[in-house]
Amino acid sequence: VLTSIGFLYHGISILHWLPSVLWLTLSGTVIFGLMSLIQLLAPTRKSASLITSILVFPLMMFGGAFFPFEALPAWLKSIGIWAPNGFLLERLKEFLIYDGGLSALLSGLPYALAMAVVFWILCAWRIRGFAGRSE
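All of these numbers come straight from a predicted model, not from anything done at the bench.

Student: Quick one: what's the story with the packing of aromatic side chains, residue by residue and with numbers?
Tutor: Tallying each qualifying case throughout the model produces four aromatic pairs. Each member of the aromatic cluster is reached from another via a ring pair, and the members are Phe57, Phe66 and Phe67. Lying across the ring of phenylalanine 87, arginine 91 places its NZ or CZ 4.6 Å from the centre.

Here is the structure:
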């Protein structure tokens, strides 16, 4: 819904809507996998919550959620572009704003899919360690 509102408000072509929604869905899957993995690797529930909270804000700041990469110093941009959310955001920005065409998303697709698969495999591996244990 918010993507549709944003498209209407900014006057972005409706032809870009479906690829954008699919990319956002994949991006959400990657970030969810990363945060789930962090939660599963922590020794306790409390520490998992603390570690995730401590990591979310720097990831958002370096990854372009708070400040666009264009406003960051070069050294910070070079870090943020390789954060999972920064990488995913830059591909979407290239597709929507810089008119990189569908190739902007397709060039990042193998990496995004690889990140999602790796995070989910690691989560499944870690969950297996909990099988049969009770807290």
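Student: An account of the packing of helix H2 (residues 17–41) against helix H5 (residues 84–96) is needed here, citing residue identities and associated values.
Tutor: Running from N to C, H2 and H5 point in directions that differ by 175°, and their axes come no closer than 10 Å. By the angle between their directions, the pair H2 and H5 is classed as roughly antiparallel. Residues Pro19, Ser20, Trp23, Leu24, Ser27, Val30, Ile31 and Leu34 of H2 pack against Pro84, Asn85, Leu88, Arg91, Leu92, Phe95 and Leu96 of H5. Along the lines of polarity and charge, the residues of the contact of H2 with H5 split into 11 nonpolar, three polar and one charged.

Student: If you had to explain the environment of leucine 59 to someone new, which residues and values would you point to?
Tutor: Among the secondary structure elements, leucine 59 is positioned in helix H3 (residues 45–62). Among the residues examined, leucine 59 registers a relative accessible area of 21% and is labelled partly exposed. Once you skip the residues sitting within four places of it in the chain, leucine 59 turns out to touch Leu34, Met35, Ala83, Pro84 and Asn85.

Student: Let's hear about the nonpolar core: which residues, and what values?
Tutor: Note on soluble globular proteins: their nonpolar side chains tend to be buried together. The biggest cluster of nonpolar side chains holds 19 residues, and the ones touching the most others in it are Trp23, Val30, Leu88, Met115 and Phe119. Elements represented by at least two residues in this core include exactly H2, H5 and helix H6 (102–130). Residues in contact with methionine 115, not counting those within four places in the same chain, are Val30, Pro84, Phe87 and Leu88.

Student: An account of a nonpolar patch on the surface is requested, with residue identities and associated values reported.
Tutor: A cluster of nonpolar residues, Leu41, Val118, Leu122 and Trp125, forms a patch on the protein surface that exposes about 400 Å² of accessible area. In terms of residues, the nonpolar patch owes the most to one element, H6, which gives three residues.

Student: Go over the side chain of asparagine 85, please, and point to the residues and values.
Tutor: Among the structural elements, asparagine 85 can be located in helix H5. On the accessibility criterion, asparagine 85 (17% relative accessible area) is buried. Side-chain polar atoms of asparagine 85 contact the backbone oxygen of leucine 59, separated by 2.9 Å. Ignoring any residue separated from it by four or fewer positions in sequence, one finds asparagine 85 in contact with Ile31, Leu59, Met60 and Gly63.

What counts, and at which threshold
- Numbers given to residues run from 1 along each chain, matching the order in which its sequence is written.
- With pLDDT at 70 or above as the cut-off, local features in this predicted model cover only qualifying residues; side-chain atom pairs require 80 or more to be listed or tallied, and sums for whole chains, interfaces and linings still use all residues.
- Derived side-chain values reflect all non-hydrogen atoms in the structure, with water molecules and hydrogen atoms excluded from consideration.
- Stacked, tilted and edge-to-face pairs are distinguished by plane angle, under 30 degrees for stacked and over 60 for edge-to-face with tilted covering the rest, among Phe, Tyr and Trp rings (Trp via its six-membered ring) whose centres lie within 6.5 Å.
- Whether a charge sits over a ring depends on NZ of Lys or CZ of Arg being within 6 Å of the ring centre and within 35 degrees of the ring normal.
- Here, axes are lines fitted to C-alpha atoms. For helices the fit covers the stretch in contact, and angles between N-to-C directions go from 0 to 180 degrees.
- Numbering of helices and strands runs from the N terminus; a helix is a DSSP stretch of H or I covering at least four residues, while a strand is a stretch of E covering at least two.
- With respect to orientation, any angle under 35 degrees is reported as roughly parallel, any angle over 145 as roughly antiparallel, any angle of 65 to 115 as roughly perpendicular, and every other angle as oblique.
- Two residues qualify as a contact provided that any one of their heavy atoms is within 4.5 Å of a heavy atom in the partner residue.
- Here the nonpolar group is Ala, Val, Leu, Ile, Met, Phe, Trp, Tyr, Cys and Pro; Asp, Glu, Lys and Arg are the charged ones; every other residue, Gly included, is treated as polar.
- For each residue, the accessible area found with a 1.4 Å probe, counting protein chains only, is set against the maximum for its type, and the residue is called buried under 20%, exposed over 50%, and partly exposed in between.
- The set of buried Ala, Val, Leu, Ile, Met, Phe, Trp, Tyr and Cys residues whose side-chain atoms join them within 4.5 Å is what this entry labels a nonpolar core.
- Like charges are joined within 9 Å and nonpolar side chains (Val, Leu, Ile, Met, Phe, Trp, Tyr) within 5 Å, but only among residues with over 30% relative accessible area and no salt bridge; these make up the patches.
- Each accessible area is a Shrake-Rupley estimate made with a 1.4 Å probe; only the visible protein chains count as cover when residues are assessed.
- In what follows, salt bridge is the name for a side-chain nitrogen of Lys or Arg lying within 4 Å of a carboxyl oxygen of Asp or Glu.
- Any pair of N or O atoms that falls within 3.5 Å is considered a polar contact. Within protein, one atom must be able to donate a hydrogen and the other to accept it, and sequence-neighbouring residues count only if both atoms are side-chain atoms.

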